[in-house]
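Here is how the chains run, residue by residue.
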Amino acid sequence: MDVLQAGIGEFSVTDPDDLRAFMRTEKRRAMVDKVMPEAEAVRRYVKDGDYVSFDFSSFTRGPASLVREIIRQRRRDLWFAAKFTLMETTLLAVGGCLRGVDVGFLGLGQLIGKWVQDGRIKVTEWTNGTLTLRHLAGAMGVPFLPTRNLLATDTLTYSGAKVVQDPFTGKPIALVPAVNPDVGLVHVHQCDIYGNARCFGPGVSPLETAMASKRTIISTEEIITTDEIRKEPSKTTIPYYMVDAVVYAPFGCLPGGTQGIYEMDIPHFLEFMGASRDEQKMAAYLDKYVYSVASHE
Amino acid sequence: MDVLQAGIGEFSVTDPDDLRAFMRTEKRRAMVDKVMPEAEAVRRYVKDGDYVSFDFSSFTRGPASLVREIIRQRRRDLWFAAKFTLMETTLLAVGGCLRGVDVGFLGLGQLIGKWVQDGRIKVTEWTNGTLTLRHLAGAMGVPFLPTRNLLATDTLTYSGAKVVQDPFTGKPIALVPAVNPDVGLVHVHQCDIYGNARCFGPGVSPLETAMASKRTIISTEEIITTDEIRKEPSKTTIPYYMVDAVVYAPFGCLPGGTQGIYEMDIPHFLEFMGASRDEQKMAAYLDKYVYSVASHE
Amino acid sequence: MSDVEFSESEFMICQCARLIQDGTLVFIGYGMPQIAAILAQRLHAPRMVQVYEFGAVGALPETPFVRFTMGGPRNCYRSLAWTSMNTIFAQAQLGMVDMGVLGATQIDRFGNLNSTMLGADYHRPGKRFPGSGGANEVLTQCWQTVIVIKHERRRFVEKVDFVTSPGYLDGTPGARERAGLPRDTGPWRVATSKALYGFDDQTKQMILLGVLRGLSVDDAIKEMEFTPLIAERVEELSPPTPEELRILREEIDPDRAIIGKTAAD
Amino acid sequence: MSDVEFSESEFMICQCARLIQDGTLVFIGYGMPQIAAILAQRLHAPRMVQVYEFGAVGALPETPFVRFTMGGPRNCYRSLAWTSMNTIFAQAQLGMVDMGVLGATQIDRFGNLNSTMLGADYHRPGKRFPGSGGANEVLTQCWQTVIVIKHERRRFVEKVDFVTSPGYLDGTPGARERAGLPRDTGPWRVATSKALYGFDDQTKQMILLGVLRGLSVDDAIKEMEFTPLIAERVEELSPPTPEELRILREEIDPDRAIIGKTAAD
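Residues numbered from 1 in each chain as written. Chains lettered and ligands numbered in written order. Predicted model: local features only at pLDDT ≥ 70, side-chain atom pairs only at ≥ 80, totals over all residues. Heavy atoms only, no water.

Asks: Quick rundown of the overall build of chain A? Include the residues and the values.
Replies: The secondary structure content of chain A amounts to eleven helices and twelve strands. Relative to the globule expectation of 19 Å for 297 residues, the C-alpha radius of gyration of chain A, 19 Å, shows essentially globular dimensions. For the C-alpha atoms alone, the extent of chain A along its principal axes is close to 55 × 50 × 30 Å. In chain A, which comprises 297 residues, the proportion classed as buried is 68%. (Helix = DSSP H or I, 4+ residues; strand = E, 2+ residues; numbered from the N terminus. Rg over C-alpha atoms; globule rule 2.2 N^0.38 Å. Buried < 20%, exposed > 50% of the residue type's maximum accessible area, 1.4 Å probe, protein only.)

Have a look at this one:
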């Protein structure tokens, strides 16, 4: 395929055949109980050096308690998909967990920006839409998807996208590579013990994230019976076989909100944003909200 | 883009920019009452020579009453997306409406097969999955989507797909061109007068069909208020601005079924299948069920 | 031949059902495979998960079975999720679907399938059939594909008139992978009204694995245009058991619309 | 300057709201655009349809406005549909979204936007910002894009340090189309705390269309690194009306968290 332009950002491609081989042997088709404490889920499925993806946003239905557990277990060299991780990217950076991020939106606070300036955190440029599209490509088992976004920008230059001539219209078009995270983190409203999960309200890409990821950890507000699931199959967002671990975590999004259950904790965000300008203050913030507690429970 | 192989089947590409120009001026953003009789909807939006697409199946939630109206209005030279149009493709062919079909699944009965043999009906080969994927491409506003289906088959040779070398993995991959039907027909469970529509149960591609099509006609079991729609936005399958006409058609899928409302009429299908072997019998069938009635009401 | 009379369809359905493993995700095609899946689920594979191209995942179809419909309420009863076609085929492409079950008009030595047309000239077919449907996707994407086909000479041909769905192509090592097809996939078993075949690991040629009790190897291969490989030890395939027949005839298809009637009826 | 005191933010929000037309589909970005959309909807554009990258379509946000959240329940209240990001950006790519509203760190003569970094070397940025977010999509796909930006010299630069989102590129005719960007799109208006700009049809250069009542053309252009074209007739822009301010201050943002406080407070 004639490549007109290729971005120079750091990224890795998963060969769809390697992915398939993993999915064949590692994703359990049998319905087995996957409920476990967050500490165990993170210990089992998040390794140093992993690419980690996060569904939705710091403000709404983000898996905040799982991110805190990753920091608590001091994972290192993670690469993080930063879309709406306004808060989490900064926390992971301060926690020393990050090697780099796919941006998206880098996150709130001046600290994270400073660390990118210093080269302490590597960055590859994308956009919210193309990063989400990369998850869709990953979920579809194809190596790329086409888009008209990114074209003619420095964002593309420092991404991993390629520009080719569309063989149907002859016009230039961007191809973004699939991303297949080592671990996807999704917070849901309800699920059963096997991982059949429901998200309500508008969303980013819970299904795409769960399908694209090699390992998917879900945290849930509520555990319901499989009978309930079978009564209203239209409500199922993620089928169980995409899920590796189920963590029972009511209020697991705090300080963000979960639609229909609780709103975000604005004073907490203001406290975070106050701290996020300064390394010492952030360290104190982490001590207070992450290290000093044993778990979300 | 280096093309390794190109199918020779007849198909047309919509340039995404031409499509955008159409969507900009022809799709109304204002919420206006779109309820109209089926005769008016078909008169306004289905023209001779159009490419017509159909959501779901002859057996389940297919827009059967709209297809009968197209036959009654004696449209000519249509090209039809034949996925699960087991019955409708044959009816349209017998009604003299068809120039050709994209297959999918050609349909039931020996007549339609005989006419393809005779060259009376043209065919381009696809598969259920890739024909649905072409609708997704059309709905995404991209000229193509990649897939590993079709590769290494005569199906590909007689399709409009192209094989290229994926620039990320170096492996061959098929690209299927977007389809943007002139008219999409979708039967829904509920909608408001503007076209905000809900489909329940499993499905094929109601949203993709409505988004990809230049004109979308929906027939509905029930018209509900916009207030109802706003109470449960998660249930909305198709937003109103994708819809051009709303036809009130309870039992509009018969002899197929609509999930949760009525089951298919099996004796009717057996009658149809008996008739579908023979031209005279089919003509009599059409007289009985299509021409002799003024409308679905 | 057997103590109980049974139809060819019943034997094909039972063969197919026996090949479905418990705890797997199986892509169920239209008609006979639907019956086979219900049968397997009631016997040895209670935890297999049925997926349909119409998007139903984990359906537990109600019986008696309603003919024709795959997307209707009785077939999709008590599903775990109702999704859509693009989602289901994406899951197959991801490598999540363990097995698929297909029919075909013709099959050749290397498991290539034709369900499109007969004749030498595509543009003037001797006979035209429905085409791929979802068959191409199934044979492309599922880890293992079972082909259910009536045992007739005209169906087992040296070279199919049209490759609708890809088998092992020309049989050369790595042919599927070179074409871009998913690694380690392809036709796995061919279940007929008389016999069971697999494919040789090295040559990718069809190999006779078993024949129905009471039939000889020759009974099977004489009704094929090409001669398949023969397994060192050809298995004897049991006819439908009384329990299989009871479930088929009493629970699933009391009208025998799909399983067919026997001479005894 | 005006009979009622108002903040720079209030004027920018009012400018932006005035540009939103009734009966259009508008892609609403984070922060100030959210407020502008609510304001427009309560005044002259009751039938505009808000869409958000989080998938809400036709939301009627509750007031008082809750800061930060776009996906939360109060902001997505009484939507017509709750979809997802890929669906919403697909609709934008299809050409369904009439207008988008964006902020930026830098803008140049041709409307190219930078929200990524400052400095000559990408790998050693002088200052790093959040990056595109959804800005690239909006400026690529929406038919008309409004940029809301504080009127500061350092923001109006001859050439942006980094093109995060594409304007008219180098300004040559057809530059966007040649690059593969959607036809007839691009930045439409730039609304600042002092002035309003458009882009010249031929040269694609930024053109001053109006200045806030009480300010001169020179007041606007002296705070820009480059000199824009000047419209033949430069409009006088009204300050926020009492009705606009009442809705902003009493209904939408009584805490003035986003609209800001005035000297009088």
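Asks: Help me get a handle on the overall build of chain C, residues and values and all.
Replies: Each helix and strand in chain C was counted, giving seven helices and 15 strands. For 265 residues, the compact-globule estimate of 2.2 N^0.38 gives 18 Å, and chain C sits close to it at 18 Å. Along the longest, intermediate and shortest principal axes, the C-alpha atoms of chain C span 45 × 45 × 40 Å. Sequence-distant contacts in chain C: of pairs separated by 6 or more residues, those separated by 24 or more amount to 65%. Positive and negative side-chain charges in chain C, numbering 28 and 33 respectively, have mean positions lying 3 Å apart. (Contact = heavy atoms within 4.5 Å. Lys, Arg positive; Asp, Glu negative; His and termini not counted. Charge placed at Lys NZ, Arg CZ, Asp CG, Glu CD.)

Asks: Describe the interface of chain A and chain B, listing the residues and the values that go with them.
Replies: Each partner contributes residues to the interface: chain A has 35 residues there, and chain B has 35 residues. Carbon and sulfur atoms supply 71% of the area buried between chain A and chain B, which totals about 2700 Å² over both sides. Taken together, chain A and chain B are joined by six salt bridges. The residue A:Asp15 makes a salt bridge to B:Lys171 at a minimum N-O spacing of 3.0 Å. Put simply, chain A and chain B have six residue pairs in polar contact (both at pLDDT 80 or more) between them. Mapped by element, the contributors of at least two residues to the side of chain A that touches chain B are helix 1 (16-26), helix 6 (128-140), strand 6 (144-147), strand 7 (162-165) and strand 8 (172-177) of chain A. When its residues are assigned to classes, the side of chain A that touches chain B shows 20 nonpolar, seven polar and eight charged. (Buried area = accessible area lost by both parts, 1.4 Å probe. Salt bridge = Lys/Arg side-chain N within 4 Å of Asp/Glu carboxyl O. Polar contact = N/O pair within 3.5 Å; in protein donor to acceptor, adjacent residues only side chain to side chain. Nonpolar A, V, L, I, M, F, W, Y, C, P; charged D, E, K, R; others polar.)

Asks: Please set out the side chain of B:Arg20 residue by residue, giving values where relevant.
Replies: Inspection of the secondary structure puts B:Arg20 in helix 1 (residues 16-26). Look at B:Arg20: it is buried, it has no salt bridge, and the nearest opposite charge is B:Asp17 at 4.5 Å. Discounting chain neighbours no more than four positions away, the residues touching B:Arg20 are A:Arg148, D:Ala92, D:Gln93, D:Leu94, D:Gly95, D:Gln141, D:Trp143, D:Pro182 and D:Thr185.

Asks: A description of the relation of the copies chain A and chain B should follow, citing residues and the corresponding values.
Replies: Relative to chain B, chain A is turned by 180° and slid 0.0 Å along the rotation axis, the superposed coordinates differing by an RMSD of 0.0 Å. Each copy turns onto its partner about a two-fold axis. (Least-squares fit on C-alpha atoms with pLDDT ≥ 70 in both.)

Asks: Help me get a handle on the sheet that holds strand 6 (residues 106-108) of chain C, residues and values and all.
Replies: Residue and element names in this part refer to chain C. What the three strands build is an open sheet, ordered 7-6-11; its pairing is mixed. Edge positions in the sheet fall to strand 7 (113-114) and strand 11 (156-157), since each of these pairs with one other strand and no more. Both strand 6 and strand 11 contribute to a ladder of two bridges, which runs parallel. If you follow Asp108 over to strand 11, its bridge partner there is Val157. (Pairing = 2+ DSSP bridges.)

Asks: Describe helix 2 (residues 38-45) of chain B, with residues and values.
Replies: Along helix 2 of chain B, the residues classified as buried are B:Glu38, B:Ala41, B:Val42 and B:Tyr45. Projection of helix 2 of chain B onto a plane perpendicular to its axis shows the buried side chains occupying an angular sector of 90°, all on one side. (Arc of directions from axis to C-beta.)

Asks: Can you lay out the pairing of strand 8 of chain A for me, pointing to particular residues and giving the numbers?
Replies: On a regular strand, each side chain points to the face opposite its neighbour's, so the side chains alternate between the two faces of the sheet. Residue and element names in this part refer to chain A. For strand 8, the buried fraction is high: five of the six residues fall into the buried class. Pairing between strand 6 and strand 8: four bridges, direction antiparallel. Residue Leu145 lies in a different strand from strand 8, and its bridge partner there is Val176. Both strand 7 and strand 8 contribute to a ladder of four bridges, which runs antiparallel. Within the sheet, the bridge partner assigned to Val163 lies in strand 8 and is Ala174. Counting the residues between successive antiparallel strands, the hairpin from strand 7 to strand 8 contains six residues, one of them, Gly170, with a positive phi of roughly 80°.

Asks: Break down the side chain of C:Gln205 for me, citing the residues and quoting the values.
Replies: With respect to the helices, strands and loops of the structure, C:Gln205 is situated in the loop between strand 13 (195-199) and strand 14 (206-212). A relative accessible area of 18% means that C:Gln205 is categorised as buried.

These figures capture arrangement, not role.
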